[in-house]
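# Close look at the chain arrangement
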Amino acid sequence: MRLVSWSGDPSLGNIGNTDRSLSAGAVCVTPSCGITGAGAGYLKIDPTTSDIVHDGRSLVLVADLDAIAQSLRTRLAFFEGEWFIDETFGVPYFQSILGVKTPLPAVREIFRETIAGTVGVLDILSLALTPHATQARAYNLTFTCNTDLGELTLTVAAGIGA
């Protein structure tokens, strides 16, 4: 943008030829991002180690049913109040499950609500909840749900030490 004339206060006189343009190298085109929706694309997280996956040169994205599965595993691993940005995110393990002697059907309903509230999940077809074999404060959760992208079956260990 080049200011060539001044039509402001005449008492200021000539303010000169002001060049406010940017060099071509300073201007960058913002790339468009086509990632939207439930199975759009997330950084891939290794389900065993919880590490972000990379191929040696760049980070790996996960999409489609794998993205919904990863989102479900993440939600079920988070304790409510753990994430400072949204303290309602996660499962209310301390508030409603662990050390509260909540009956198993009520715990099952808490997990059902968490799964149903995940982006991309349409409905839950089956849900089985059993106490973990070796961890006293954990559960094995196996469920099948309909998603925007098809049917998904997962088995997740949830709770402390899971």
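In this report, the structure presented in the accompanying data block is examined. (Residues numbered from 1 in each chain as written. Predicted model: local features only at pLDDT ≥ 70, side-chain atom pairs only at ≥ 80, totals over all residues. Heavy atoms only, no water.)

### Focus on the sheet that holds strand S7 (residues 150-159)
Judged by pairing direction, the sheet is antiparallel, and its three strands sit side by side in the order S5-S6-S7 without closing on themselves. Each edge of the open sheet carries a strand with a single partner, namely strand S5 (121-131) and S7. Mean inter-strand twist for the sheet, computed between neighbouring axes without regard to direction, equals 20 degrees. For strand S6 (residues 138-147) and S7, the ladder comprises 10 bridges, and the chain directions are antiparallel. Within the sheet, the bridge partner assigned to Asn140 lies in S7 and is Ala157. Along the sheet, helix H1 (residues 64-77) contacts S5, S6 and S7; its crossing angle with S7, the most-contacted strand, is approximately 25 degrees. Strands S5, S6 and S7 of the sheet are contacted by helix H3 (residues 104-116), whose axis makes an angle of about 145 degrees with S5. (Pairing = 2+ DSSP bridges. Helix = DSSP H or I, 4+ residues; strand = E, 2+ residues; numbered from the N terminus. Axes fitted to C-alpha atoms, helices over the stretch in contact; angles between N-to-C directions. Contact = heavy atoms within 4.5 Å.)

### Quick look at the nonpolar core
Counting residues in hydrophobic clusters, the biggest one holds 25 residues, and the most contacted among them are Leu72, Ile97, Phe111, Ile115 and Phe143. Setting aside anything within four residues of it in sequence, one finds Ile97 in contact with Val91, Pro92, Thr102, Val107, Ile110, Phe111 and Tyr139. (Core = buried A, V, L, I, M, F, W, Y, C linked by side-chain atoms within 4.5 Å. Buried < 20%, exposed > 50% of the residue type's maximum accessible area, 1.4 Å probe, protein only.)

### Details of unusual backbone geometry
The phi torsion at Ser50 lies on the positive side, around 65 degrees, for a residue other than glycine. Along the chain, Ser50 turns up in the loop between strand S3 (42-43) and strand S4 (61-62). Of note in this structure, Asp64 is not a glycine but carries a positive phi near 60 degrees. Since its relative accessible area comes to 49%, Asp64 is described here as partly exposed.

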